[in-house]
Amino acid sequence: MMLPPAPPAPPEVAGAAPPAWFPWVGLAAGAVLGLVGLVWLLRVLPRLRRARSTTGTVVEVGRRTANRGQFLWHLVVDYAVVDGAGAGQVRRGEWVGQSSLDHTAYAPGMRLPVRYDPVSGAVVDLPGGGRPPAWLVPAVLLVVGPLVGGLFWVITG
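Residues numbered from 1 in each chain as written. Predicted model: local features only at pLDDT ≥ 70, side-chain atom pairs only at ≥ 80, totals over all residues. Heavy atoms only, no water.

### Focus on the confidence of the model for the protein chain
Quick note on the threshold: The predictor's confidence in any single residue is recorded as pLDDT, a number from 0 to 100. Where helices and strands are cited, they refer to DSSP runs of H or I of at least four residues and of E of at least two residues respectively, numbered from the N terminus.
Averaged over all residues, the pLDDT of the protein chain equals 80, while 83% of them reach at least 70. Ranking the elements of the protein chain by mean pLDDT puts strand S5 (residues 123-125) last with 70 and helix H1 (residues 22-50) first with 90.

Okay, structure coming up:
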């Protein structure tokens, strides 16, 4: 008994496979994201480590116009320096946050815990400010960037 002839192979579609350099693009993008996260984290961590906790008094609650008609809430806080050469001095710091800040929770004269940078005097953290911790975004970039790049390499490579 004779078998029928095999059907012809389907024609190859030109350009269906990604070019050979394509996996390198994803790998490079992941490496860049990871590097940006690392550099950002290395810049943020010293400021967070040297931050000091104290109690401050809200002086002003207001808003600033940002681009495209959006606005940012800002709080002006007076706080006492807790240690170092200027211990006991009162400094004024400003905290600027997203429009999601519950500004109604703050009023002039209100006392609240504040974390400040003794070098720059800037307010580092304000409880209830609606912001993620300063280390979170760079840490996510540091971890997720290389993972995404590696996954892209595996899928396309």
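### Some details on the pattern of salt bridges
Rule in force here: Basic side-chain nitrogens of Lys or Arg form a salt bridge, by our definition, when they fall within 4 Å of a carboxyl oxygen of Asp or Glu. Classification of residues uses two cut-offs on accessible area relative to the type maximum, computed with a 1.4 Å probe and protein chains only: under 20% is buried, over 50% is exposed, and between them is partly exposed.
For the structure shown, the criterion picks out two salt bridges. Of the charged contacts in the structure, one is a salt bridge between Asp117 and Arg50, with a shortest N-O distance of 2.7 Å. Here Arg50 lies in helix H1 and Asp117 lies in the loop between strand S4 (111-116) and S5, a separation of 67 residues in the sequence. Given a relative accessible area of 1%, Asp117 falls into the buried group. For Arg50, a relative accessible area of 29% translates into the label partly exposed. Close ionic contact of Asp78 with Arg92 constitutes a salt bridge, the shortest N to O distance being 2.8 Å. Taken together, the positions of Asp78 in strand S2 (residues 71-80) and Arg92 in strand S3 (residues 90-97) put the pair 14 residues apart, joining distant regions of the chain.

### Topic: the nonpolar core
Definition in use: Nine residue types can take part in a nonpolar core, namely buried Ala, Val, Leu, Ile, Met, Phe, Trp, Tyr and Cys, and a core is a set of them joined through side-chain atoms within 4.5 Å. By definition, residues are in contact when any of their heavy atoms lie within 4.5 Å.
Formed by Val58, Leu75, Val77, Tyr79, Val81, Trp95, Tyr106, Leu112, Val114, Tyr116 and Val123, the largest nonpolar core amounts to 11 residues. At the level of secondary structure, the elements contributing two or more residues to this core comprise S2 and S4. In this view, Val123 contacts Tyr79, Gly93, Glu94, Trp95, Val114, Arg115 and Tyr116; residues no more than four positions away in its chain are not counted.

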